[in-house]
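# Overview (structure and organization)
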Amino acid sequence: MTWASAGRRGHIAQLILLCSVLAGMLVTLSGCELFRAEPRTEAPVALGKEPEVRVRVVPGASTLTFGGASRVVLRPISGGVASTVPAPVTIEMTPQGLRAKPAGAAPITWPFGTDIEVIPQASWTSGSSSASSSRAGGTPASTTVTINGVMYPGLAQVRGRWNASAADEATLDAVCVMPIESYLPGVLSKELIKGWPRQSYEAQAIAARSYALHERRRARSLGKAWDLENDTSDQVFGGITSDRTSMEAARATRGRVLVDSAGELVRAYFSSTCGGRPASAPDAFGTPAGQEFNRAAPLQARARPHACQTASLYRWTIDRSDTDLSRRLRTWGQFNGHEVRSLSLVRAVEPARSNTAGRPIDYRVTDDRGRTFTLRGEQLRQAINQSVEGLPNVTRATRANSGDVDVSFSGGRATIQGRGFGHGVGLCQWCARGFALEGRDASQILALMYPGSTVRQRY
């Protein structure tokens, strides 16, 4: 939302819209007739209050520009003197620390190693020990802040990469702190396609909330400065949205999450298109120390109905030369410490092991010397898409879209025929759409996507 580009009528319309969005942050709805989960008489999973989430919305910037109000409050996160300055204000990294340049006012500096909060003045409570601690439940008041022209709910933090190596220029990360229910509409509007059925949005809302709360808990146990990224490494978040379906789906499912049979929160992975063959979390992501949660029963693949046949990437084909494919596999192996780095010229790529849904778990790669190498499906996808100096960049049209492939070789060319788009674990978004069109509600969709899970009220 860009205020400067609107005329008077646009200002009024945007104010009405913004009021609606902010009201949505505070409203708790009892449900919606489209969503039929377990009765609300059930005891909620322990938490009690709506939590806040910290989302890194701008990574590695040289400068950040903040607005959203005529004046903003700048204050060190660790505590200290707060400064109220006119907006917009630009913040940059210097060899001495952070420097803020407010509109029409003198610059302000903080020593090297100091991170700061940026809070629109309307939400500031003087005398509090931190900008968020004075608000009920530890969550920011209903407010908005713009960062580099994008409007976000909540308040902002500027965190310097103070420990950057000499070879890397120190940069800034912008983190937004907001109630999770204010965060979710901005996820739904980016993760799903406008015009999809309401039930698919509600299923996605519960999955996205479950994933976000799970990652929030994990990030804080590891002492991280933020909980979530705003891209596909977690889930895509675009800031405040005007999409009504996204807002209503978040409200109708407020506080509802997926749990397993033991009542543990499910890390509800999701991807675009399963292609008819879902994957298990351990096969896609592994189960190293600290990630045992991938063994949860609802994240294990089972043969199930699917409804993603109308997706554009339900089936796809790409073509590479055998030398191109070999170089990408070798380079990926070099970067990831995998034995495939010694591959000569690839001659065969064949499934070595498949799950109960028929999706390959491991592939056997054979070179012209008869040596074999084993890669998991997701490793093969990454290797096929590996950037290599001197080779064409992989584009949307030439990328491998999943780790579920059949590879054939002829005349020095490799033809790769694939199924689906993404890792295939958990919710298939195109299946959610298809099942919704068949008349299934959100709870029925989720029961198919996460076998053995239950929708529960967390707060």
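Before any of the text, the structure's been laid out above.
Structure report, in brief.

Definitions and limits used
- Residues numbered from 1 in each chain as written.
- Predicted model: local features only at pLDDT ≥ 70, side-chain atom pairs only at ≥ 80, totals over all residues.
- Heavy atoms only, no water.
- Pairing = 2+ DSSP bridges.
- Helix = DSSP H or I, 4+ residues; strand = E, 2+ residues; numbered from the N terminus.
- Axes fitted to C-alpha atoms, helices over the stretch in contact; angles between N-to-C directions.
- Contact = heavy atoms within 4.5 Å.
- Buried < 20%, exposed > 50% of the residue type's maximum accessible area, 1.4 Å probe, protein only.
- Left-handed = near helix turned anticlockwise from the far one by under 90°.
- Nonpolar A, V, L, I, M, F, W, Y, C, P; charged D, E, K, R; others polar.
- Phe/Tyr/Trp six-rings, centres within 6.5 Å; stacked < 30°, edge-to-face > 60°.
- Lys NZ or Arg CZ within 6 Å of the ring centre and 35° of its normal.
- Parallel < 35°, antiparallel > 145°, perpendicular 65-115°, else oblique.
- Core = buried A, V, L, I, M, F, W, Y, C linked by side-chain atoms within 4.5 Å.
- Salt bridge = Lys/Arg side-chain N within 4 Å of Asp/Glu carboxyl O.

## Overview of the sheet that holds strand β20 (residues 405-410)
Consider a sheet: its strands pair through backbone hydrogen bonds, and that pairing is either parallel or antiparallel. Spatial strand order, β16-β21-β20: three strands in an open sheet with antiparallel pairing. The sheet is open, and its two borders are formed by β16 (315-321) and β20, each paired with just one other strand. Pairwise comparison of adjacent strand axes, ignoring direction, gives a mean angle of 20 degrees for this sheet. As paired strands, β16 and strand β21 (residues 413-419) are joined by seven bridges and run antiparallel to one another. Each bridged residue has a counterpart across the sheet, and for Arg320 the counterpart in β21 is Ala414. Sheet strands in contact with helix α6 (residues 322-336) are β16, β20 and β21, and its direction is about 95 degrees off that of β16.

## Describing helix α9 (residues 442-449)
A large share of α9 lies buried, amounting to six of its eight residues. Buried within α9 we find Ala442, Ser443, Ile445, Leu446, Leu448 and Met449. Contacts from the buried residues of α9 go to α3 (198-221), β14 (256-259), β22 (427-428), α8 (429-437) and β23 (454-457).

## Focus: the packing of α6 against helix α7 (residues 377-384)
Contact pair α6 / α7: the axes reach a minimum separation of 8 Å and the direction vectors enclose 115 degrees. Where α6 crosses over α7, the handedness of that crossing is right-handed. Within the contact between the two elements, α6 uses Leu325, Arg328, Leu329 and Trp332 and α7 uses Gln379, Leu380, Gln382, Ala383 and Ile384. Looking at the contact of α6 with α7, its residues break down into six nonpolar, two polar and one charged.

## Brief notes about the packing of aromatic side chains
A full pass over the atoms with the stated rule returns six aromatic pairs. Pairing Trp196 with Trp430 gives two aromatic rings, centres 4.9 Å apart and planes at 70 degrees, and the pair type is edge-to-face. Here Trp196 is found in the loop between α2 (180-191) and α3, whereas its partner Trp430 is found in helix α8, with 234 residues between them in sequence. With a centroid separation of 4.5 Å and 35 degrees between ring planes, the pair formed by Tyr269 and Phe285 is classed as tilted. With Tyr269 in the loop between β14 and β15 (270-271) and Phe285 in helix α5 (residues 281-285), the pair connects residues that are 16 residues apart, well separated along the chain. Given a relative accessible area of 26%, Phe285 falls into the partly exposed group. Put simply, the rings of Tyr152, Tyr183 and Phe237 pair up and form one aromatic cluster. Stacked on the ring of Tyr314, the Lys or Arg Arg315 has its end atom at 4.0 Å from the ring centre.

## A look at the sheet that holds strand β12 (residues 172-179)
Spatial strand order, β4-β3-β8-β11-β12-β1-β13: seven strands in an open sheet with mixed pairing. Looking at the sheet topology across the chains shown, the edges are occupied by β4 (83-86) and β13 (228-229). As paired strands, strand β3 (residues 71-76) and β4 are joined by four bridges and run antiparallel to one another. From the neighbouring strand, Val72 faces β4, where its bridge partner is Val85. Each of β1 (52-61), β12 and β13 is contacted by α2, which is oriented at about 115 degrees to β12, the strand it contacts most.

## What to know about the packing of α3 against α8
A pair of packed helices is characterised by two quantities: the angle between their axes and the separation of those axes. Axis separation between α3 and α8 bottoms out at 8 Å; the angle between their running directions is 140 degrees. Here α3 is positioned oblique relative to α8, judged by the angle of their axes. Note that α3 runs across α8; the crossing there is right-handed. Packed against α3, whose contacting residues are Gln199, Ser200 and Gln204, the element α8 presents Gln429, Ala432, Arg433 and Ala436 at the interface. Here the contact of α3 with α8 is built from residues that sort into two nonpolar, four polar and one charged.

## Looking at the nonpolar core
If you look at the biggest cluster of nonpolar residues, it comprises 85 residues, and the most contacted ones within it are Phe66, Ile147, Tyr183 and Tyr450. With nine residues, the top contributor of residues to this core is α3. Tyr363, Leu375, Leu380 and Val405 belong to the second-largest nonpolar core, a separate cluster that totals 22 residues.

## What about the pairing of strand β8 (residues 116-120)?
Within a regular strand, side chains alternate between the sheet's two faces. Of all five residues in β8, five are buried; the element is thus mostly enclosed. Burial of β8 is two-sided: the residues Ile116, Val118 and Pro120 facing one way and the residues Glu117 and Ile119 facing the other way are all buried. Where β3 lies against β8, five bridges are found, and the strand directions are antiparallel. By the bridge assignment, Val73 is partnered in β8 with Ile119. Across three bridges, β8 lies against strand β11 (residues 155-160) in antiparallel orientation. The residue of β11 that forms the bridge with Glu117 is Gln157.

## Topic: the pattern of salt bridges
Pairing between side chains of opposite charge can happen when their charged atoms approach one another. Taken as a whole and judged by the stated rule, the model has 26 salt bridges. Between Asp324 and Arg328 there is a salt bridge whose closest N-O contact spans 2.8 Å. Placement of the pair is Asp324 and Arg328 together in helix α6, with a separation of four residues, close to one helical turn. Arg328 carries the same exposure label as Asp324, and that label is buried. In this structure, Asp404 engages Arg419 in a salt bridge whose closest nitrogen and oxygen atoms are separated by 3.2 Å. Here Arg419 lies in strand β21 and Asp404 lies in the loop between α7 and β20, a separation of 15 residues in the sequence. Here the salt bridges do not stand alone but share partners, grouping Arg56, Arg161, Asp173 and Glu229 into one network.

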